[in-house]
Amino acid sequence: MDRASELLFFVNGRKVIEKNVDPETMLLPYLRKKLRLTGTKYGCGGGGCGACTVMISQYNSRTKKIRHYPANACLTPICSLHGTAVTTVEGVGSSKTRIHPIQERIAKCHGTQCGFCTPGMVMSMYTLLRNHPEPTLDQLTDALGGNLCRCTGYRPIIEAGKTFCKTSGCCQSKENGVCCLDQGVNGLPELEEDNKTSSVLFSEVEFLPLDPTQELIFPPELKIMAEKQPPKTRVFSGDRMMWISPVTLKELLEAKFKYPQAPVVMGNTSVGPEMKFKGVLHPVIISPDRIEELNVRKHACNGLTLGAGLSLAQVEDILAEVVQELPEEKTQTYRALLKHLRTLAGQQIRNMASLGGHIVSRHLDSDLNPLLAVANCTLNLRSKEGERQIPLNEQFLSKCPGADLKSQEILVSVNIPYSRKWEFVSAFRQAQRRQNALAIVNSGMRVFFGEGDGIIKELSILYGGVGSTTICAKNSCQKLIGRPWNEEMLDTACRLVLDEVSLPGWAPGGKVEFKRTLIISFLFRFYLEVSQILKRMDPAHCPSLADNYESALEDLHSRHHWQTLNYPNVNPRQLPQDPIGRPMMHLSGIKHATGEAVYCDDMPAVDQELFLMFVTSSRAHAKIVSMDLSEALSLPGVVDIVTAEQLKDTNSFAEEPLLATDEVFCVGQLVCAVVADSEIQARRAAERVKIVYQDLKPLILTIEDAIQHKSFLEQERKLECGNVDEAFKVVDQILEGEIHMGGQEHFYMETQSMLVVPKGEDQELDIYVSTQGPRYIQDIVASTLKLPANKVMCHVRRVGGAFGGKIVKTGILAAITAFTASKHGRAVRCILERGEDMLITGGRHPYLGKFKVGFMNDGRILALEMEHYSNGGSTLDESLILIEMGLLKMDNAYKFPNLRCLGRACRTNLPSNTSLRGFGFPQTGLITEFCITEVASKCGLSPEQVRTINMYKGLDQTPYKQEINATRLIQCWRECLAKSSFSLRRATVDKFNIENYWKKKGLAIVPLKFPIGVGSVSMGQAAALVHIYLDGSALVTHGGIEMGQGVHTKMIQVASRELKMPMSNVHLRGTSTETVPNTNISGGSVVADLNGLAVKDACQALMKRLEPIINKNPGGTWKDWAQAAFDESISLSAVGYFRGYESNMDWEKGEGHPFEYYVYGAACSEVEIDCLTGDHKNIRTDIVMDVGNSINPALDIGQIEGAFVQGMGLYTMEELKYSPQGVLYTRGPNQYKIPAICDIPAELHISFLPPSENSNTLYSSKGLGESGVFLGCSVFFAIHDAVIAARQERGLRRPWQLSSPLTPEKIRMACEDKFTKMIPRDEPGSYVPWNVPV
Ligand SMILES: Cc1cc2nc3c(=O)[nH]c(=O)nc-3n(C[C@H](O)[C@H](O)[C@H](O)COP(=O)(O)OP(=O)(O)OC[C@H]3O[C@@H](n4cnc5c(N)ncnc54)[C@H](O)[C@@H]3O)c2cc1C
Ligand code: FES
Ligand code: FES
């Protein structure tokens, strides 16, 4: 074997040669640390988020074609890149040279908030445009399917992408033959808008044109290399691993002969995650490089032969062509494969993963293997000894020794037979999310009738997700051969299959009854599909399907996205240069899009920097018996392991412990911190810390456990008004109920990150940290180190998403990191991996709401008694204040004249839960809305009628006796009803439901009254510092943190208005305790409100001082005035201050004025559910908001829709799963699903009420950061509405125990039918379930 050990590839047009490459290195850390290209971000490390997307280009000397494809850098070994060209976001464009049109448009269309996902989005779009300069909308949404964004709600990103599409702006649906552009929102022509409102947030005419000739060319050197240089097998050796890249089949077979245990790495999407997350180490890896035989595509007489090395995306393209070319009857299998390939993972994974890798890795939830097996595919194998074929069958899938590849064999290609006449193949899957999510259950089914007699000759059914491998229902199929295809056969088939594919109650992954139901629901669907085709082929002999059954046959396809926005224009008298009220782009937008924005971990390494890694408890409640650090400490590069002992009396802050002492109270509790020269060394050492635990009792995980054990954090809180007991005596009806609501992970895209740098003098420390509370970090670090706060400075430039999760836990992490840095006098960096972050940091509190409601038959609620219980986790954190806020906000938009509400935070053995956008309101608001729907159902009224009846009207008082004026609430409600054409659509939905048995639509509208205030005057104080320099430029600093919401942009708008200075003249560097001390935490929707008033104050102070100078020279420039002020010894620097909104709350009396104002709104959503699978799609949402006088409509719309989508995730999709021992299973995007691009409503309409005056706030604006989350529950109630329609049709009278989130599992199991009745049920208590709902 002729070998080379030099790795050569290009990055952004620059040649990279590596002579001693470590094969364990992935492209992402290589780009970020070695090449210092930090635009490519780490979000999960497992291919699930798309933050690390790059474009890889490869030249094929045989076809002379260049293939450009998107890839996840986190799973791309650099050794696999020889001869390729990598393009990162920095190579696409830069503000220093030329911004690429994609970067410009994503920024100008407001498609970026925190910006952390933006480089990945840019790269996915860029790769799309390199392949399709004028893509269709389908191609666009498909290209972005593997990229997650937690901030924007995706709509503006799609809008940016649409500007490149052929038919930009059009929904492309052409329903009823009418294009969306020709019809109004409700199918009626829209009225001409007056010039008081606007519907666009950007102007397309100013965009740079896309000019493909300007793109980086494929490096000619690589082309020449591919053409001229005979390829050589390359071998790279590292400390622990050797990488062999054979370039011919012969060499590959030799290598496999020599190293039979070595995996054959193709896309590394299966081997990579195993090595990373399961610690599997392969001493040798064989990675074939462009071997022709592995990339074949051949038509043989019996079928299509596809090379094992083809990527899944290439397979998709080939199959798409083949189904066009061949008659339908030959392509049944190909069509079924295509269906799955379109939803399997995202584009990046599909382009990396190979067909062979997919088949051979035999994941239990593989989408393709069940289909390939039912289709009787053959695997063509080669080894040094020769070639042979084996069937891809059940034995192969369960790795039976006789049916598997031998260790020296390679899978060269796969033969996929053509289907025959009277043969039908179908694919089914249901996942938590509609795309880019592993299936909960999937299936491949095939039937062959021989001839058109409807008698089964062959039947093959395989399932994925229901066992440790793909399972074949072989015996059942055998028994059905010879049976006619009719309902009797179906019934027998269901019973046989349920018997054969049995799942125990404790089966891993949970959702057991759902899985059992899906197994036969898919079978039913297959039965219907085939029956329909048979009927079409032979109408005389095949029975027709019942009309209302046909609805089972359609997949829930999403329509193309389209949107309308409507917001008030600024007053025409406003000066053109005054930016307040205008949709200004996020000022970091371009930097986000070019990857130039610097986040914490993008900062270069400091000399002698150390890395800190936490060791966390693996037990939920246990005594630490012993801790052995010796092996970890003996590893090279390990500097120290910090334990509680070293922290002594500073091991806690405000009652929050830092490191565990002798007892642990949750899995994920910080036990000790390993510090080493590098991240890899720290990680390896952390794995070697040996802790012996002794489990303790009780183990309290759920709210119910906590209530039973009376395990609470702090006293209960109570809110009472009127006389509830008396009111219960006079009401017509009384109803009791409860609802459980699961928690939520923040899933900020940038994980917890910090860098602590000791200054080497006077014990000073600089802390660069991704936090919402720099002062909190300063305080906790100063306390831990026993230093005065003036020695500890905390700096935050920007935060890659926070949502409430970067306060208390960040403080604890920072305190330990700072302790280590100070102890060793060296900089220490601590960046949590996604899994660690999810495990350690807690999230939104799960809630249990119990209620007793008294009401009149006309729907008036006169008495309401409620109990709220939150799952607070193991420490107090913010649980008390959250319970308080939950109580104060629980009334939402309703006047409850007689109310008693108790709130209690439960102490459990879970990581401490903390604040998350909405802070208690999304939970308590849902409980109240559920109560309303229950009352409606009892009264025989619609929920919207009961909502209207009980809504605040005009001037009124809240339960805590704060006055409110609900006029604008009513206005939002009415406008939302009107804009959504609620009554019209209600009738359409009802009609649809009558006509369709298996699909139901649901429609719901919810009002919103979101109180704004932080609970006390002092917590609302804010400060700012404004300097004007002698060249006339201004620098603004304030106490707010930029975490995507655009507060810095708004502050510059404020400074620009007040100083009458162009925005381009004003700069903002970031937030620091050095410039603005004693800041409050950024959160609670008020960051711009409060800091804006401080900036305004500072600017006004400056203007007052400078007024005489400006008046003296009104035509002068800022440079002239600054110089004149300097000459006259007038200070050009001013501090601004706002003391906080008046606020008080007396919990003893249950009275106060805790809030400054209310944000009002309403949202109406329509969904369609699939009763057979539990799937749902979001059809349309209309949102009307009262935002006061928006300072920046683009940013405000961004907050509303981003929060709405986050809320939608909360209420319908995001599910945290804990084991019965309290271990969090869901530790990354592959297990925990946040909304992706496929989930957003196909139609979204957002409009603002006309401006209103609100004298106390900043230019009469309102804070909008959080309120939209609650509006997500309109989707929840729309699903509820659809499920109720299904239940009514099925004659189900039993109440349905509703809980949140309404996942496919819950939807399916609520739509009870003969299939849910058929499945075996386990006796509760007869098994230990895989997970417990907490
Ligand atoms: C984020 C993410 C999402 C995913 N979503 C889905 C999904 O929705 N549905 C789904 O079905 N799957 C999904 N997958 C799984 C994915 O399809 C597989 O990981 C992938 O197909 C494996 O292909 P690969 O080329 O990357 O394999 P590799 O990791 O390179 O190799 C996998 C295994 O196959 C063996 N192998 C590879 N090629 C050969 C060969 N020619 N001969 C012999 N042995 C060989 C290797 O030895 C190795 O053991 C997902 C994976 C990720 C990371
Ligand atoms: S970091 Fe690579 S996909 Fe998430
Ligand atoms: S802007 Fe997409 S994650 Fe923040």
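- An unreviewed UniProt entry lists the chain under the name aldehyde oxidase, with Dipodomys ordii given as the organism.
- The UniProt entry for the chain carries this comment under Subunit (unreviewed entry): "Homodimer."
- For the chain, the Sequence similarities (unreviewed entry) comment in UniProt is given as "Belongs to the xanthine dehydrogenase family."

A closer look at the overall build of the chain
For step 1, the next point in the chain: Helix and strand counts for the chain come out as 40 helices and 51 strands.
For step 2, the next point in the chain: Taken over the C-alpha trace, the chain has a radius of gyration of 31 Å; the compact-globule value for 1334 residues is 34 Å, and the two agree within 12%.
For step 3, the next point in the chain: For the chain, the spread of C-alpha atoms along the principal axes amounts to about 90 × 80 × 70 Å.
For step 4, the next point in the chain: Of all 1334 residues assigned to the chain, the portion counted as buried reaches 64%.
For step 5, the next point in the chain: Pairs at least 24 apart in sequence give 78% of the contacts found in the chain among residues at least 6 apart.
For step 6, the next point in the chain: In the chain, the 143 positive side-chain charges and the 149 negative ones have mean positions that sit 3 Å from each other.

Overview of the pattern of salt bridges
For step 1, the next point in the chain: Here the structure, examined in full by the defined rule, presents 85 salt bridges.
For step 2, the next point in the chain: Here R619 ties to D695 by a salt bridge, and the two come within 3.0 Å at their closest N and O atoms. One end of the pair, R619, is in the loop between strand 21 (610–616) and strand 22 (622–628); the other, D695, is in strand 28 (residues 690–695), and 76 residues separate them in sequence.
For step 3, the next point in the chain: Judged by its relative accessible area of 29%, R619 falls in the partly exposed class.
For step 4, the next point in the chain: In this structure, a network of salt bridges that share partners links the residues R32, K33, K41, D601, D602, E609 and R829.

Notes on the state of the cysteines
For step 1, the next point in the chain: Per the counting criterion, the structure on display carries zero disulfides.
For step 2, the next point in the chain: Counting only cysteine sulfurs, C672 is the nearest neighbor of C666, a cysteine outside any disulfide, at a range of 15 Å.
For step 3, the next point in the chain: Residue classification places C666 among the buried positions, given a relative accessible area of 4%.

Some remarks on the packing of helix 3 (residues 101–108) against helix 4 (residues 118–131)
For step 1, the next point in the chain: Interaxial distance between helix 3 and helix 4 falls to 10 Å at its minimum, and their mutual angle equals 130°. In terms of their interaxial angle, helix 3 and helix 4 are classed as oblique. Our pair here, helix 3 against helix 4, has a crossing hand that is right-handed. Between helix 3, through I102, Q103 and I106, and helix 4, the contact on the second element is made entirely by T118, M121, V122, M125, Y126 and L129.
For step 2, the next point in the chain: Of the residues contributing to the contact of helix 3 with helix 4, the split by class is seven nonpolar, two polar and no charged.

Observations regarding the nonpolar core
For step 1, the next point in the chain: One finds Y463, W485, L1059 and M1185 to be the most contacted residues of the largest nonpolar core, which totals 263 residues.
For step 2, the next point in the chain: What Y463 contacts, discounting residues up to four positions off in sequence, is V441, N442, S443, M445, T469, T470, I471, V497, V501, I519 and L523.
For step 3, the next point in the chain: Listed in part, the 76 residues of the second largest apolar core include L37, V265, I285 and V322.

Quick look at the UniProt feature "binding site: substrate" (unreviewed entry) in the chain
For step 1, the next point in the chain: Under the UniProt annotation, the feature "binding site: substrate" (unreviewed entry) is placed at F919.
For step 2, the next point in the chain: With respect to the helices and strands, the residue F919 is situated in the loop between strand 37 (898–907) and helix 29 (921–939).

Here we look at unusual backbone geometry
For step 1, the next point in the chain: With an omega of -5°, the peptide bond running from K697 to P698 counts as cis.
For step 2, the next point in the chain: Within the secondary structure, P698 sits in the loop between strand 28 and helix 23 (703–708).
For step 3, the next point in the chain: Backbone torsion omega between S1300 and P1301 reads 5°, so that peptide bond is classified as cis.
For step 4, the next point in the chain: Mapped onto the elements of the fold, P1301 is located in the loop between strand 51 (1299–1300) and helix 39 (1304–1310).
For step 5, the next point in the chain: Backbone geometry at N376 places phi at a positive 60°, although glycine is not the residue there.
For step 6, the next point in the chain: By the secondary structure assignment, N376 is in the loop between helix 14 (368–374) and strand 13 (378–383).
For step 7, the next point in the chain: On the basis of relative accessible area, N376 is assigned to the partly exposed category, the value being 46%.

Looking at a negative patch on the surface
For step 1, the next point in the chain: On the surface, a cluster of negative charge is made up of E761, D762, E764 and E1074.
For step 2, the next point in the chain: With respect to the secondary-structure elements, E761 resides in the loop between strand 31 (753–758) and strand 32 (765–769).
For step 3, the next point in the chain: Residue classification places E761 among the exposed residues on the basis of a relative accessible area of 54%.

Some details on the sheet that holds strand 30 (residues 733–741)
For step 1, the next point in the chain: Read from one edge of the open sheet, six strands run 29-37-36-35-30-51, paired in mixed fashion. Edge strands, defined here as strands with exactly one partner in the open sheet, are strand 29 (712–721) and strand 51.
For step 2, the next point in the chain: Where strand 29 lies against strand 37, seven bridges are found, and the strand directions are antiparallel. Looking across to strand 37, one finds that R717 is bridged to G903.

Considerations on the confidence of the model for the chain
For step 1, the next point in the chain: In this model, the chain carries a mean pLDDT of 95, and residues with pLDDT of at least 70 account for 97%.
For step 2, the next point in the chain: Taken as a whole, residues 174–178 scores under 50 in pLDDT and shows three contacts with residues more than four places along the chain or in a different chain.
For step 3, the next point in the chain: pLDDT under 50 marks residues 188–192. Its contacts with residues more than four places away, or in other chains, come to four contacts.

Comments concerning the site of ligand 1
For step 1, the next point in the chain: With respect to spatial proximity, 34 residues lie near ligand 1, and among them V264, M266, T269, S354 and D367 are the closest.
For step 2, the next point in the chain: Contacts to ligand 1 include R429, whose side-chain N or O atom sits 3.5 Å from an oxygen atom.
For step 3, the next point in the chain: For ligand 1, the protein covers 93% of the area, taking 980 Å² as the surface of the free molecule.
For step 4, the next point in the chain: Among the secondary structure elements, those contributing two or more residues to the shell around ligand 1 are helix 13 (355–361) and strand 15 (410–417).
For step 5, the next point in the chain: If you tally residues by element for the shell around ligand 1, the top one is helix 13, at five residues.
For step 6, the next point in the chain: Split by residue class, the shell around ligand 1 holds 17 nonpolar, 14 polar and three charged.

So, the UniProt feature "binding site: [2Fe-2S] cluster 1" (unreviewed entry) in the chain
For step 1, the next point in the chain: Sites flagged by UniProt as "binding site: [2Fe-2S] cluster 1" (unreviewed entry) map to C44, C49, C52 and C74. A stretch of 31 residues holds the annotated residues, and the largest C-alpha distance among them is 10.2 Å, short enough that they meet in one place.
For step 2, the next point in the chain: Residue classification places C44 among the buried positions, given a relative accessible area of 6%.
For step 3, the next point in the chain: Apart from residues lying up to four places away in sequence, C44 is in contact with C49, F277, R834 and P1229.
For step 4, the next point in the chain: Tracing the backbone through its elements, the reader meets C52 in the loop between helix 1 (27–34) and strand 4 (53–60).

Describing the side chain of R834
For step 1, the next point in the chain: Note on placement: R834 falls in helix 27 (residues 834–840).
For step 2, the next point in the chain: The charged side chain of R834 is buried without a salt bridge, its nearest counter-charge being E745 at 4.8 Å.
For step 3, the next point in the chain: Sequence-distant contacts of R834, defined by excluding residues within four places in its chain, comprise Y42, G43, C44, F747, Y748, M749, E750, T751, R1227, G1228 and P1229.

About the cut-offs
- Residues numbered from 1 in each chain as written.
- Chains lettered and ligands numbered in written order.
- Predicted model: local features only at pLDDT ≥ 70, side-chain atom pairs only at ≥ 80, totals over all residues.
- Heavy atoms only, no water.
- UniProt positions renumbered as here; feature names shortened; annotations may be inferred.
- Helix = DSSP H or I, 4+ residues; strand = E, 2+ residues; numbered from the N terminus.
- Rg over C-alpha atoms; globule rule 2.2 N^0.38 Å.
- Buried < 20%, exposed > 50% of the residue type's maximum accessible area, 1.4 Å probe, protein only.
- Contact = heavy atoms within 4.5 Å.
- Lys, Arg positive; Asp, Glu negative; His and termini not counted.
- Charge placed at Lys NZ, Arg CZ, Asp CG, Glu CD.
- Salt bridge = Lys/Arg side-chain N within 4 Å of Asp/Glu carboxyl O.
- Disulfide = S-S within 2.5 Å.
- Axes fitted to C-alpha atoms, helices over the stretch in contact; angles between N-to-C directions.
- Parallel < 35°, antiparallel > 145°, perpendicular 65-115°, else oblique.
- Left-handed = near helix turned anticlockwise from the far one by under 90°.
- Nonpolar A, V, L, I, M, F, W, Y, C, P; charged D, E, K, R; others polar.
- Core = buried A, V, L, I, M, F, W, Y, C linked by side-chain atoms within 4.5 Å.
- Patch = residues over 30% accessible without salt bridge, like charges linked within 9 Å, V, L, I, M, F, W, Y side chains within 5 Å.
- Areas by Shrake-Rupley, 256 points an atom, 1.4 Å probe, with all protein chains shown as cover.
- Pairing = 2+ DSSP bridges.
- pLDDT = per-residue confidence, 0-100.
- Near = heavy atom within 4 Å.
- Polar contact = N/O pair within 3.5 Å; in protein donor to acceptor, adjacent residues only side chain to side chain.

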